[in-house]
Structures are given as C-alpha cells and as structure tokens.
Amino acid sequence: MIRRAGRVGGSGRAVVLFLAALLPLLAGAGQAQAAGYRYWSFWDLDGGRWTYATQGPSVARPADGDVQGFRFAVSEESDDSSQPRGAADFSGICAKTPAKDGSKRVALVIDFGTAEDAPSGETPPANRTACARVAPDASTAEALASVAEPLRYDNSALLCAIAGYPERGCGEQVSGTGTESGTGASAPGKETEDGSEDGSEKTGSPDSSASGESGDDGGPSLGLFAGVAVVALLGAAAFWQVRRRG
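Computed from a predicted structure; not experimentally measured. (Residues numbered from 1 in each chain as written. Predicted model: local features only at pLDDT ≥ 70, side-chain atom pairs only at ≥ 80, totals over all residues. Heavy atoms only, no water.)

Novice: How should I be thinking about the overall build of the protein chain in this particular structure?
Specialist: A tally of regular secondary structure across the protein chain gives four helices and nine strands. N-terminal to C-terminal, the α/β element order of the protein chain is α-β-β-β-α-β-β-α-β-β-β-β-α. Expressed as a percentage of contacts within the protein chain between residues at least 6 apart in sequence, the contacts between residues at least 24 apart total 64%. On the protein chain, roughly 13400 Å² of surface is accessible, and the fraction owed to carbon and sulfur atoms is 53%. (Helix = DSSP H or I, 4+ residues; strand = E, 2+ residues; numbered from the N terminus. Contact = heavy atoms within 4.5 Å. Areas by Shrake-Rupley, 256 points an atom, 1.4 Å probe, with all protein chains shown as cover.)

Rendered as structure tokens:
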C-alpha cells in the first residue's frame, strides 16, 4: 500500500508540473486574442490628475480656466486608455492669452501618440498645447476647432482626426498584433437628433460593449483548445488514480 500511494503521489506531481508548464501557454493565448481600438480619447484635468471625460467633446461645456486633453492611442477600453503626456498647467498654457470680457479660456493638451500606435504609413506630429479663447457657452469641440483644425468626424459624430491626424481611419478595431481587423465602432458622446445625449455613448471612444468582439474569423481560439486539453488531462489523471487505488 505504501508503494502504491507513492506511485500515485508521483503521478500527481507530474500532472502539477505539466499544468504549471501549460499555464504560460494559456496566458499567452489569451493575450494573443486581445483586441483594442485606435482612437482619440478625451480627458479632464481634475486636481492635477487626468480623469476620463464623462461627456463627449461636442456636449461638454468647459468653464474658464479648465484644462482638457486629447490622446491618440490604441486601447482595449476606457479604463486602460493612455493619458495625455506633457505639461498640463492652465497658467502656463494660457500665459500669453489674456482674459477678455465676454469670452472664456480653455487650455488644451493634444497628444498625437506614439509611432507604435500610428496607422500604417503615418507619423504622429509633435505634441502641442493651445489656449482657446471662445464664447462663454462654447463646447470643447468648438474650442478644439479654434486651435487645431482641420478636425474630422465620422457620420456618428466620433472624433476621427485632430489637426488632420490621422489622415484616414476612425476608431477602427486593432488586433493584438497591432494590425487593423475591423471597422470603426459607434461613437460615445454622440448626440441624438433632439440634441439630448445618448447615455450609452459618452466619451468619444469606441463603445466598450464592442470591445469584447474578437475581430477574428470566428474559429476556435488556441486558448479554447488548450482549455479542453487541460480538462481532458485532469479527467484522465483522476481516473488513473481511482483505478490504481482499486
């Protein structure tokens, strides 16, 4: 009985070691299936910290002295979106734009992103800051248009380009390898025909519900096959142990 128990223990250790070796493969398979979207994200500076905007730029009405930012990047969802980089200080950005009655000043930080996130064949311009002096009731989109034309939008009001960048594309889905794998998603922040905001679309980034799509050909993934193999292995190990004990 002791020898038999020893054999079972040895096989159990072998199974554990095999599963430990298989875990990195499973993790890698999951990462390979990850997909994101290439788009301009919209941010508010709150107490010196960037926070993801809760309204689209066409709806948001910043106050005099506000700082807002835009960042072009590939992100899986709003929670992991890349924040604008560089100086974000109203007094510094608007130092040469004096206050004027009947207007407001909004400091804008525009981060065109990295070469890795750029569409194929395009190079991101240098990042910039600008102080927009606009009417008191102007939206962020109007402030941005006053300092960073040309802007480009799609037919769902999704902001596609700032200062002409990128030249093409709009919120397209990108595979885990950085290649395009689909068309643009719907536009959070889009306004309805009566001027009210659609609560499901707020920030100017692709809809988070769409980010769950795989963007592949619909076939079984490597992770699925590996998972089936693990289940089969555990079942075989349990059967073997019960048989040996019998």
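Novice: Please explain the nonpolar core as it appears in this structure.
Specialist: Generally speaking, nonpolar side chains in soluble globular proteins are found buried as a group. Judged by nonpolar contacts, the single largest core of 20 residues is most densely connected at Trp40, Phe70, Leu108, Ile110, Leu144 and Ile162. Among the secondary structure elements, those contributing two or more residues to this core are strand 1 (36-46), strand 3 (67-75), strand 4 (104-111), strand 5 (128-134) and helix 3 (140-147). Sorting elements by how many residues they give to this core places strand 4 first, with three residues. Once residues lying within four places of it in the same chain are set aside, the contact partners of Leu144 are Phe70, Leu108, Ile110, Glu149, Leu151, Leu159 and Ile162. Counting twelve residues, the second largest nonpolar core, distinct from the first, contains Trp43, Tyr52, Ile93 and Val109. (Core = buried A, V, L, I, M, F, W, Y, C linked by side-chain atoms within 4.5 Å. Buried < 20%, exposed > 50% of the residue type's maximum accessible area, 1.4 Å probe, protein only.)

Novice: Just checking my understanding: could you explain the pattern of salt bridges for this structure?
Specialist: Side chains bearing opposite charge may pair, as long as their charged atoms lie close to each other. What the rule picks out here adds up to four salt bridges. With its nearest N and O atoms 3.7 Å apart, the salt bridge here joins Asp111 to Arg71. On the criterion of sequence distance, the pair formed by Asp111 in strand 4 and Arg71 in strand 3 is long-range, its members being 40 residues apart. Here Arg85 ties to Asp111 by a salt bridge, and the two come within 2.7 Å at their closest N and O atoms. In this pair, Arg85 sits in the loop between strand 3 and helix 2 (90-93) while Asp111 sits in strand 4, placing the two residues 26 residues apart along the sequence. (Salt bridge = Lys/Arg side-chain N within 4 Å of Asp/Glu carboxyl O.)

Novice: Sorry if this is basic, but what is going on with the confidence of the model for the protein chain here?
Specialist: Detailed reading of the predicted coordinates is not advisable wherever pLDDT is low. Mean pLDDT for the protein chain: 74, with 56% of residues reaching 70 or above. Within the model, the stretch residues 1-8 combines pLDDT values under 50 with nine contacts to residues more than four positions away or in other chains. Across residues 207-222, confidence stays below pLDDT 50; counting only partners more than four residues off in sequence or on other chains, it has 20 contacts. (pLDDT = per-residue confidence, 0-100.)

Novice: What exactly am I supposed to notice about the packing of aromatic side chains here?
Specialist: Two aromatic rings are characterised by how far apart their centres lie and by the angle between their planes. Applying the stated criterion to the full structure yields six aromatic pairs. Both rings, one in Trp40 and one in Phe72, keep their centres 5.4 Å apart while their planes meet at 55°; by these two values the pair is tilted. Note that Trp40 is positioned in strand 1 and Phe72 in strand 3, a separation of 32 residues in sequence. The exposure class assigned to Trp40 is buried, which follows from its relative accessible area of 1%. Overall, the relative accessible area of 2% leaves Phe72 in the buried class. On the numbers, 6.0 Å between centres and 75° between planes, the contact of Phe112 with Tyr165 is edge-to-face. Of the two residues, Phe112 sits in the loop between strand 4 and strand 5 while Tyr165 sits in the loop between strand 7 (159-161) and strand 8 (172-174), which places them 53 residues apart along the sequence. Comparing Phe112 with Tyr165 shows no difference in burial state: the two are buried. Aromatic rings pair up to connect Trp40, Phe72, Phe112 and Tyr165 into one cluster. (Phe/Tyr/Trp six-rings, centres within 6.5 Å; stacked < 30°, edge-to-face > 60°.)

Novice: When you look at the state of the cysteines in this model, what are you seeing that I'm missing?
Specialist: Between two cysteines, a covalent bond joining their sulfur atoms is known as a disulfide. Tallied over the full model, the rule gives two disulfides. The disulfide bridge from Cys94 ends at Cys131, spanning 2.1 Å between sulfur atoms. Across the disulfide from Cys94 to Cys131, rotation about the S-S bond amounts to roughly 100°, and the bridge is consequently right-handed. Of this pair, Cys94 sits in the loop between helix 2 and strand 4 while Cys131 sits in strand 5, and the two are 37 residues apart along the sequence. Each member of the pair, Cys94 together with Cys131, is buried. The connectivity of the disulfides in the protein chain is 1-2, 3-4, where the numbers refer to bonded cysteines in sequence order. (Disulfide = S-S within 2.5 Å.)

Novice: Could you clarify how one ought to interpret the environment of Pro124 in this entry?
Specialist: Counting through the fold element by element, Pro124 comes out in the loop between strand 4 and strand 5. Measuring from C-alpha to C-alpha, the distance between Pro124 and Phe72 comes to 9.1 Å, with 52 residues separating the pair along the chain. Dropping the residues within four chain positions of it, Pro124 is found in contact with Phe112, Gly113, Thr114, Ala115, Ala118 and Tyr165.

Novice: Would you explain unusual backbone geometry in this entry?
Specialist: A negative phi angle characterises most non-glycine residues, just as the trans form characterises most peptide bonds. The linkage connecting Glu149 with the following residue, Pro150, adopts the cis geometry, with an omega of 0°. Of the consecutive residues Tyr165 and Pro166, the connecting peptide bond is found in the cis state with omega at -5°. Residue position: Pro166 is located in the loop between strand 7 and strand 8. For Ala163, which is not a glycine, the phi torsion comes out positive at approximately 55°. Looking at the secondary structure, you find Ala163 in the loop between strand 7 and strand 8. Here Ala163 falls in the partly exposed class, since its relative accessible area comes to 22%.

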